[in-house]
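If you want the building blocks of each chain, they are given just below.
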Amino acid sequence: MEPPAAPGPERLFDSHRFPSDGFLLLALLLYAPVGLCLLVLRLFIGVHVFLVSCALPDSVLRRFIVRVMCSVLGLFVRQSDPRLRDVNVRVYIANHVTQFDHNVINLLTSCNTPALNGAPGFICWSRGFMELGVTGSRAELVDSLKVYSSHRGNPPLLLFPEEAATNGRAGLLRFSSWPFSILDVVQPVALQVQRPLITVSVADSSWITELLWTFFVPFTVYQLLAMELGVVSTRLTAADKTEHMKRLRHTSLLPFAPASSQPLAARPRMPSSLTGVAPEDVRITAMAQRVKEVLPHVPLEVIRIDLAQTNCVDTTIANLLEGRVPFFPESKEAGTDLPAPSTSQAAAASGIQGSIAVPPSKPATKQFAKSPVERHLSLQERKRALYDYARRRFAEKHGAARAGGSP
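Q: Teacher, can you tell me more about the packing of helix 2 (residues 22–55) against helix 7 (residues 207–216) here?
A: To describe two helices that pack against each other, one gives the angle between their axes and the distance between the axes. Their axes nearest at 7 Å, the elements helix 2 and helix 7 cross at an angle of 110°. The angle between helix 2 and helix 7 falls in the class roughly perpendicular. Across the interface between the two elements, Leu28, Tyr31, Ala32, Gly35, Leu36, Leu38, Leu39, Arg42 and Leu43 from helix 2 touch Leu212, Thr214, Phe215 and Phe216 from helix 7. Split by residue class, the contact of helix 2 with helix 7 holds ten nonpolar, two polar and one charged.

Laid out in structure tokens, this is it:
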């Protein structure tokens, strides 16, 4: 039995804060006056919590007092089995859900999280991050953290290898390797966050906005689990999250964002069997059909899996042409119109030349270009040739059908 496909970015990150269910939306509307009163009250209490945490030294007493005061702010922290935590471990590794994960875990055990993004200063310090003064590469950061961990008097490190927050429900981002190169032994921490009425965190929201919504809702429960989260790992990274959010912002700026850039007549029709399928599956299927028309020798399932991760037709075509996605060609019927594919760039270019008349003024590149500009132009040229071939094939097929149906 094959494992389930890894979730795409649309399932890992929440772009909408309010619920889509009508009953929950009505409950949120009725709760809004109470939430606004709680927000104002908790803002004043939050200032006192910050002052107390700054005045008291790091100790068990300080963590207990701040934890009780945070419960008034609606932040509840629970851990399933504290005995499973090794007190001698110097590095904690946790999944990333909200922008306050390090503050919450610090209520249970003493730890420091280095600041990776953002300018150092008062804001960085007040949020509970540790400033190392390293602005160079990851190698310099790792060396600085190794020096920090070598001193036994320093608190343990709390690191987030995902380097970006997810919703914590569908999957994990691909872990970076540098947090595991600091010491040989690490302590995994599984974090789960729940709250009523609204989503836990929105992917493109600032930490101030998230803090205000945390004060608005009745409560937020952070639970440290001594078991598996029950989610799968993906190949997506923090850079993929950034690209996904750029795509969402670009789509939201359009008054009527179409599902594709092709004309309406050129889009494939949805079969009647897909009428009961979720809208996301229907959209992926429509995009897969477009890729299939351009690359008929590529299996449809391979196209769907890659589209679930890229969410872009052009990117999937480029991945298949450049050999980033391995696959086996389909039957000979699919290969009669287009030569057999290859996982290398040179074979892809030569295959296109065998079936498509490339303009002689600028032939396709037969070897890996040295300049990024030349590689980009070569890729655009192959895309353009493939699209022209697909359009001719589509016109010939439908033209023959109309000729056969005419009297």
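From this point, the narrative continues.
Q: Can you walk me through the side chain of Arg90 in this structure?
A: In this fold, Arg90 is placed in the loop between strand 1 (75–79) and strand 2 (91–94). With no salt bridge to any partner, buried Arg90 finds its closest opposite charge in Asp58, at an N-O distance of 11 Å. A polar atom in the side chain of Arg90 sits 2.8 Å from the backbone oxygen of Asn154.

Q: Which parts of the structure should I look at to understand helix 3 (residues 60–72)?
A: Each turn of an α-helix holds 3.6 residues, which means side chains three or four residues apart point in the same direction. For helix 3, built from 13 residues, the straight-helix expectation of 18 Å at 1.5 Å per residue is met to within 8% by its first-to-last C-alpha distance of 19 Å. The set of residues buried in helix 3 consists of Arg62, Arg63, Val66 and Cys70. The buried residues of helix 3 all sit within an arc of 95° when viewed along its axis, so they share a single face. Summarising the geometry of helix 3, the exposed residues directed more than 90 degrees from the buried face are Val60, Leu61 and Phe64. On the buried face of helix 3, the contacting elements are helix 2 and strand 1. Positive phi shows up at Gly74, right after helix 3, with a value of about 90°.

What counts, and at which threshold
Residues numbered from 1 in each chain as written. Predicted model: local features only at pLDDT ≥ 70, side-chain atom pairs only at ≥ 80, totals over all residues. Heavy atoms only, no water. Axes fitted to C-alpha atoms, helices over the stretch in contact; angles between N-to-C directions. Helix = DSSP H or I, 4+ residues; strand = E, 2+ residues; numbered from the N terminus. Parallel < 35°, antiparallel > 145°, perpendicular 65-115°, else oblique. Contact = heavy atoms within 4.5 Å. Nonpolar A, V, L, I, M, F, W, Y, C, P; charged D, E, K, R; others polar. Buried < 20%, exposed > 50% of the residue type's maximum accessible area, 1.4 Å probe, protein only. Lys, Arg positive; Asp, Glu negative; His and termini not counted. Salt bridge = Lys/Arg side-chain N within 4 Å of Asp/Glu carboxyl O. Polar contact = N/O pair within 3.5 Å; in protein donor to acceptor, adjacent residues only side chain to side chain. Expected span 1.5 Å × (residues − 1). Arc of directions from axis to C-beta.

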